[in-house]
Amino acid sequence: MMNTALQAIATKALPALSGEQVTYNAAKNVFLSQGYTSAAGNMYYKAIRLSNRLVVYYDLGQGYIHTFLNGIKLFAFDGTKATLIAQRNWGGCDYRIFSEQFAKEQSILMLKSFMAGQLKAQGVHVSEQELLNFSRAAIEERQHKQLA
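Residues numbered from 1 in each chain as written. Predicted model: local features only at pLDDT ≥ 70, side-chain atom pairs only at ≥ 80, totals over all residues. Heavy atoms only, no water.

K.L.:
Hey, could you run me through the overall build of the protein chain in this one?
P.N.:
Within the protein chain, the secondary structure is distributed over 3 helices and 8 strands. The secondary structure elements of the protein chain, listed N-terminal to C-terminal, are α-β-β-β-β-β-β-β-β-α-α. Sorting the 148 residues of the protein chain into buried and exposed places 37% on the buried side. Here the analysis covers contacts within the protein chain between residues at least 6 apart in sequence; of these, 52% occur between residues at least 24 apart. When the accessible surface of the protein chain is summed, it comes to about 8,300 Å², and 54% of that surface belongs to carbon and sulfur atoms. (Helix = DSSP H or I, 4+ residues; strand = E, 2+ residues; numbered from the N terminus. Buried < 20%, exposed > 50% of the residue type's maximum accessible area, 1.4 Å probe, protein only. Contact = heavy atoms within 4.5 Å. Areas by Shrake-Rupley, 256 points an atom, 1.4 Å probe, with all protein chains shown as cover.)

Written as structure tokens, this is what we have:
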């Protein structure tokens, strides 16, 4: 059972989702942004997964052989607009070949960090395990099918 203080903070920090229009790929349960092709021939686009309170953007690059994870952005909605709550980028020597598991775990850790800050600001203490469990459930709620 979820801690009621954590639920109250989550409800306030991650309000209900408003609609956005993007292309939906039902086979992979993902929304895709319109991409662009670089001069080198690589395709760049966003894969977007969402729940009723949270949107996760994967910034992806499709190279000749691999799909690369260039970054992750987590957004919450205030009912009318998206609010960036966490972001992580990779590039240069720190590039990541896309892995659904790695992207998911990074998203969980990013949400956990954001929620820890919200709880601290409210003076509420929740165990690390409970915070991790909440973050995992919130991320897994929007990930029913995998990209790769």
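K.L.:
Please clarify how the pairing of strand 5 (residues 54–62) should be interpreted in this entry.
P.N.:
Looking along a regular strand, one sees side chains alternate from face to face of the sheet. Of all the 9 residues making up strand 5, 8 are buried; the element is thus mostly covered by neighbouring parts of the structure. In the sheet, strand 4 (residues 43–50) pairs with strand 5 via 8 bridges, with the strands oriented antiparallel. By the bridge assignment, Tyr45 is partnered in strand 5 with Leu60. (Pairing = 2+ DSSP bridges.)

K.L.:
Help me understand the nonpolar core, please; the structure alone is not making it clear to me.
P.N.:
A general feature of soluble globular proteins is that nonpolar side chains tend to end up buried together. In terms of nonpolar packing, the biggest core is built from 26 residues, with Tyr58, Leu69, Ile72, Leu74 and Leu111 touching the most fellow members. Of all the secondary-structure elements, those providing two or more residues to this core are strand 5, strand 6 (67–77), strand 7 (82–89), helix 2 (100–122) and helix 3 (128–141). Ranked by residues supplied to this core, first place goes to helix 2 with 7 residues. In this view, Leu69 contacts Tyr58, Asp59, Leu60, Trp90, Arg96, Ile97, Phe98, Phe102 and Ala103; residues no more than four positions away in its chain are not counted. Phe31, Ile48, Val55 and Phe75 belong to the second largest nonpolar core, which has 5 residues in total. (Core = buried A, V, L, I, M, F, W, Y, C linked by side-chain atoms within 4.5 Å.)

K.L.:
Hey, could you run me through helix 3 in this one?
P.N.:
Each α-helix turn comprises 3.6 residues. Residues three or four places apart therefore point the same way. Spanning 14 residues, helix 3 covers 20 Å between terminal C-alpha atoms, matching the ideal 20 Å at 1.5 Å per step. Along helix 3, the positions that sit buried rather than exposed are Leu131, Phe134, Ser135, Ala138 and Ile139. Seen end-on, helix 3 carries its buried residues on one side only, within an arc spanning 125°. (Expected span 1.5 Å × (residues − 1). Arc of directions from axis to C-beta.)

K.L.:
What should I look at first to understand the side chain of Ser107 in this one?
P.N.:
Checked against the element boundaries, Ser107 lands in helix 2. There is a polar contact of 2.8 Å between the side chain of Ser107 and the backbone oxygen of Ala103. (Polar contact = N/O pair within 3.5 Å; in protein donor to acceptor, adjacent residues only side chain to side chain.)

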